[in-house]
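Notes for the structure review
Residues per chain are reported as follows:
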Amino acid sequence: MNNNDMYTAKDIQVLKGLEGVRKRPSMYIGSTGKRGLHHLIYEVVDNSIDEALEGYCSEITVKINKDGSVTVRDNGRGIPVDIHPEEGKSALEVVLTTLHAGGKFSGQGYRISGGLHGVGISVVNALSEWLEVKVKRYGKLYFQRYERGIPVGALKIIGETEGTGTEITFYPDKEIFEEITFENSVISHRLMELAYLNKGLKISFVDERGIPPISEVYKFDNGIVGYVNRLNRSKKAIHDVIFFEGVKDNVSIECAMQYTTSYEEDIRSFVNTINTVEGGTHLIGFKTSLTKKFNDYARKFGKLKDKDGNLTGSDVREGLTAILSIKMRDPEFEGQTKTRLGNENIKEIVSTFIKEQLDDYCELHPAEIKAIIDRSIKAAQARLAAKRAREMVRRKNGLEGSSLPGKLADCIAKSVEKAELFLVEGDSAGGSAKQGRDREFQAILPLRGKILNVEKSSMNKLLKNPQITDLIVALGTNIGDDFSTKNLRYGKIIIMTDADVDGAHIRTLLLTFFYRYMRELIEDGRIFIALPPLYRLKVDSKDSYFYDDESLEAAIKELTEKKKKFQVQRYKGLGEMNPEQLWETTMDPQTRRLIRVGIEDAEEANELFDKLMGSDVELRRDFIRENAVYAKDIDI
Ligand code: 0RA
């Protein structure tokens, strides 16, 4: 008998099912673009991961072959090859040709994992030009080949073997996919993530297409703790990774978290190893308990007083890197991309678990909890100060019909790209700058150095400072959550301070301010530092200017050799220059030197901000000596 003679009503239904997949592939794998293509690999790998989750598989290999096909191999139990009593064919064939074979067909097992759409490997089979499967079971090696979902030839034994496992090789169908080239970075990233989420599981990745081939092995015995360490590898952590794990009401929960000095929040949540990008009930449970518990501790430790308001969710999550990974039966996924967990009961389960674990942790590690709370309180203070500053800005705009600050000497040009704003330290230098500037496109805002300097304590005070609110109004952008470049009034913002300790201090203050509240301006490359000359050299009543020691020394050497007379003046401050000199040396676009501030420079300033604000003068001096220049690229 050949295959055709065996067709029954059931077989026709099967074919119709797979035909449906080929007619509307996007319904099953999301798209026929790159994402959908890569989804084929994940779908097969997820089946192997299921075996690992159930404790039967310790090793998975994913290989992109020279011909562009992909092989996924595992040492799980192997897809059953026995004849399925109802269907009258091998279980393997049922799994590979029946849509939504859903829960493992035996009825006993269950699919913990289940891929993004949970569609099963029959979909991969339907969308592959060909697919070959090898199974090791009962000491034999079984083999079967399919083309576009239809078996070509029966399942047969092709050898003897030891152990168990499954190996699936498939070649995506060009008739279905826009392109069929796999991208190794996408795959290796996901495989690494899976290895972190399944501690101890060894996942190998091989790409044989290139010369030399790529081969990587992922195996992490610390699981998601290692993942958090990796995510924080270039951040500064304030304690060791906190790790909770346990099972509650049949839900297995793992959580790893660590606070850093960064301002970012990086929380990733997973359900059955699926990245729940849109969050869901598990994440809500986690966040709720975190906020609740940290407020409790803050009051218990006297860090929040009766009159103080509560810490908000974003206060307690600032600087937090965390992985929340739960494993459960029958997850329901909702949302645009089906990556939000919908099961309502999970909220309570996760939140109770996190509460209990945090209490235990707090008992054993009060110092860490206190450090975290101090961090959250700082975040809350900054939030409140920013709010006050915003209100102040709004009031100013409102009352005076968005009039500009009195201190600002504005320019004539209205075009943002042309207009420049100089932030000048001190009233006297401000005066010179006003006289020396090209008023067509250069605006001056003097900042009174003393005021900024006296208030060494914190960003809070800085935000209350009327000069800073003047700056915000002058820029027209507002700050923080209200920040927008829509009404930005200047294309270049140039910080012009003295080349001394106080100048560097003010610069750090301003850079930190921009970094925390107007970061986009730095990212857009709009913040600059003016480099005033350090020396004036007078020869025969002609002046030349020098911006560093080396070039001055070279000039002096030459003059000495020529036995010429000269005079050197060292500039200690901008105030020592008259308006013409200031224009010529520091403001004239033809001759000036500007340093464009990069985001790394601002990050560095931000990190040093707290140190600098302290009263440790030595620390400040050291810093300023080492960081006199935030140079990245010089823009003359
Ligand atoms: C159905 C039932 C069982 C395992 C599998 C399928 C299975 C599928 C794949 C796909 C890739 N690797 C896989 N490994 C296993 C349960 C088998 C049993 O009860 O022995």
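Use the structure listed above.
Attention now goes to the environment of Asn465. Tracing the backbone through its elements, the reader meets Asn465 in the loop between α14 (459-464) and α15 (466-475). Residues Asn465 and Ala389, spaced 76 residues apart in sequence, show a C-alpha to C-alpha distance of 8.6 Å.

The subject of this paragraph is the site of the ligand. The environment of the ligand is made up of 11 residues, and the closest members are Asn47, Glu51, Asp74, Arg77 and Arg137. At 2.7 Å, a side-chain N or O of Asp74 approaches a nitrogen atom of the ligand. Between the ligand and Arg137, the relevant distance is 3.1 Å, taken from an oxygen atom to a side-chain nitrogen or oxygen of the residue. Relative to its free-state accessible area of 460 Å², the ligand is covered by the protein chains to the extent of 89%. Sorting elements by how many residues they give to the shell around the ligand places helix α3 (residues 34-53) first, with three residues. Taken together, the residues of the shell around the ligand sort by class into three nonpolar, three polar and five charged.

Turning next to the sheet that holds strand β24 (residues 567-570). Ordered in space as β23-β22-β24, the three strands form an open sheet in which the pairing is antiparallel. Edge positions in the sheet fall to β23 (542-546) and β24, since each of these pairs with one other strand and no more. Neighbour to neighbour, the strand axes of the sheet diverge by 25° on average, direction disregarded. Both strand β22 (residues 535-539) and β24 contribute to a ladder of four bridges, which runs antiparallel. Across the sheet, Leu537 pairs through a bridge with Val568, a residue of β24. The sheet strands contacting helix α18 (residues 549-561) are β22, β23 and β24, and the helix crosses β22 at an angle near 15°.

Our focus in this paragraph is the nonpolar core. Membership of the largest hydrophobic core comes to 61 residues, with the highest contact counts inside it found for Val62, Phe170 and Leu191. Core analysis: the next-biggest nonpolar cluster, separate from the first, contains 45 residues, Val473, Leu475, Leu488 and Ala602 among them.

Now for the packing of aromatic side chains. All chains considered together, the criterion is met by 10 aromatic pairs. Through pairs of rings, three or more aromatic residues link up here, namely Tyr196, Phe220 and Tyr227. In this arrangement the basic side chain of Arg519 is found over the ring face of Tyr515, its NZ or CZ atom lying 4.1 Å from the centre.

Each value, and the rule that gives it
- Residues numbered from 1 in each chain as written.
- Predicted model: local features only at pLDDT ≥ 70, side-chain atom pairs only at ≥ 80, totals over all residues.
- Heavy atoms only, no water.
- Helix = DSSP H or I, 4+ residues; strand = E, 2+ residues; numbered from the N terminus.
- Near = heavy atom within 4 Å.
- Polar contact = N/O pair within 3.5 Å; in protein donor to acceptor, adjacent residues only side chain to side chain.
- Areas by Shrake-Rupley, 256 points an atom, 1.4 Å probe, with all protein chains shown as cover.
- Nonpolar A, V, L, I, M, F, W, Y, C, P; charged D, E, K, R; others polar.
- Pairing = 2+ DSSP bridges.
- Axes fitted to C-alpha atoms, helices over the stretch in contact; angles between N-to-C directions.
- Contact = heavy atoms within 4.5 Å.
- Core = buried A, V, L, I, M, F, W, Y, C linked by side-chain atoms within 4.5 Å.
- Buried < 20%, exposed > 50% of the residue type's maximum accessible area, 1.4 Å probe, protein only.
- Phe/Tyr/Trp six-rings, centres within 6.5 Å; stacked < 30°, edge-to-face > 60°.
- Lys NZ or Arg CZ within 6 Å of the ring centre and 35° of its normal.

Keep in mind these numbers describe shape, not what the thing actually does.
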